[in-house]
Amino acid sequence: MTANPTATMTAKTTAFDAISALLGSRFTQSQSDRDIHGRSESHFAPMPPDAVAYPRSTEEVSAIAKICSDAGIPLIGWGTGTSLEGHALAPRGGVTVDFSQMDKVLDVAPEDMVASVQPGVTREALNTELRATGLFFPVDPGANASLGGMAATRASGTTAVRYGTMKTNVLGLEVVLADGRVIRTGTRAPKSSTGYDLTSLFIGSEGTLGLITELTVKLHGQPEAMRAAVCAFADMEGAVNAVIATIQSGIPMARIEFVDSASAAYFNQSSGGDWPDAPHLMLEFHGSESGVAEQAARFGEIAEDFGAQGFRWAEKTEDRTALWAMRHNAYRAALTAYPGRRPITTDICVPISKLAEAVEETAAEIAASGIPGPIVGHVGDGNFHALLLPLEGDAQEWERAQALAANMAERALRLGGTVSGEHGIGMGKMKYMAREHGEGWAVMGAIKAALDPEGVMNPGKLLAGN
């Protein structure tokens, strides 16, 4: 039996009237707000919602969820809109719940090294709040993303090799379920052996199981000393093998990043830099003065064995920031170098032992395609990215770029890895989920059906039939 369009429209109108009565001017159907929330940094076409809600409390989120669930209206969570696989787009319309007005740091407990925050707090805002405590929150995906969005997508970034991802840095959550129920997962205790790990269930669920309205996160002590290093290599093989040897030697790096020769060249063009047009490694060491000095020296010896040259070191904050500029600005520098091209950004993650093979095969295939495609990555944990740049409006180049991205995913699975170490699934990589997870994907679908039987939570993402 098909739905009655008139009844469906009446239910939507009634639901929107109820949300409007709840939020007043913080509920809008204006075209400008809808357009803003229909765009992303991904390659997908705009997909605007029917309306946008700006709640200020868990109670309001709960009420919105119940209204929408009863009416069968999709709900999409929105942090800062920086996701790369279309996570926050609205392919089936519905209501986007924008958490920008739930942006308070609720509590900081320095003695426990934890903080409780609302989902709209960004990582930079939290670290600004923490300056006087001697603590910091380490997860850095590059963009100044919201912590709620980072948890929902299981974000990681440049510091994951030392401090872990959102999975290891979130102790507990408050979540609003599809039917409006509010649950709390986890505690402030460092560990627990009670019941299912619901915190981990919601981290990385991409908004398909519930809306996160509060997080309890781990904090870390500001290191006594920090030292950054950048060095060039004659070829990609030497750089990647230096990473592998450094990891296997047990040197506790805080960051270890890779940029290829094309990325270095684009950065020089856009900023007037003087880096060699060669692959580079960028590292940072955290710890005591003596520990950092020892770690840096050990890395220098390993890197030189693989042909490293042109070492540059920095300790002061401003000097370290300057050294890291090439990595942080790689995306924008590449876009500047190739105007008129539409980026497809993709990532994979493989076991460290397979990293060189994965990077070299990917680089060779991109070079043969004729499409610009610089490679960068958090190679310290086997994760790297390709920024594929087909010409806007060129159907053949677009198809070749899509094939390159698909081959990267296939390569990751063949080498025992995952189709995404950081960007997530969203709408872009659902077709690989059955191969990566087998029957586990069906189990995920069963969990989804149990918690969201009407399928209103971020439909069209992550799960088949969602």
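A few points on the structure.

Reading guide: rules and limits
Residues numbered from 1 in each chain as written. Predicted model: local features only at pLDDT ≥ 70, side-chain atom pairs only at ≥ 80, totals over all residues. Heavy atoms only, no water. 1 Å grid on protein atoms, 1.4 Å probe; cavity = no way out; pocket = protein on both sides within 12 Å on 5 of 7 lines; lining within 4 Å. Points joined across faces, edges and corners; volume = space filled by probe spheres on them. Nonpolar A, V, L, I, M, F, W, Y, C, P; charged D, E, K, R; others polar. Phe/Tyr/Trp six-rings, centres within 6.5 Å; stacked < 30°, edge-to-face > 60°. Helix = DSSP H or I, 4+ residues; strand = E, 2+ residues; numbered from the N terminus. Buried < 20%, exposed > 50% of the residue type's maximum accessible area, 1.4 Å probe, protein only. Lys NZ or Arg CZ within 6 Å of the ring centre and 35° of its normal. Pairing = 2+ DSSP bridges.

Time to look at empty space enclosed by the protein. Applying the stated criterion across every chain, the model contains 1 cavity of 30 Å³ or more. Taken as a whole, the largest cavity encloses approximately 40 Å³ of empty space. Of the residues that constitute the lining of the largest cavity, the class distribution is 4 nonpolar, 3 polar and 1 charged.

A separate point is the packing of aromatic side chains. Within a pair of aromatic rings, the relevant descriptors are the distance that separates the centres and the angle that separates the planes. Scanning the model with the defined rule gives 6 aromatic pairs in all. With a centroid separation of 6.2 Å and an interplanar angle of 75°, the aromatic rings of Phe299 and Phe311 are classed as edge-to-face. Residue Phe299 is located in helix α11 (residues 289–305), and its partner Phe311 is located in strand β15 (residues 309–314); the two are separated by 12 residues in the primary sequence. The class of Phe311 is partly exposed, set by a relative accessible area of 23%. Measuring from centroid to centroid gives 5.6 Å for Phe311 and Trp313, while their planes differ by 5°, and the two rings are stacked. Judged by its relative accessible area of 34%, Trp313 falls in the partly exposed class. Among the aromatic side chains, those forming a connected cluster through ring pairs are Phe285, Phe299, Phe311 and Trp313. One residue, Arg227, lies across the ring of Trp313, its end atom 4.6 Å from the ring centre. Geometry around Trp324 places Arg255 over its ring, the cationic atom sitting 5.4 Å from the centre.

Overall, mixed pairing links the 4 strands, which are arranged β1-β2-β4-β3 in an open sheet. Each having just a single partner strand, β1 (27–28) and β3 (75–78) make up the two edges of the open sheet. In terms of strand pairing, β1 meets strand β2 (residues 51–53) through 2 bridges, oriented antiparallel. Its bridge partner being in β2, Phe27 is matched across the sheet by Ala53.

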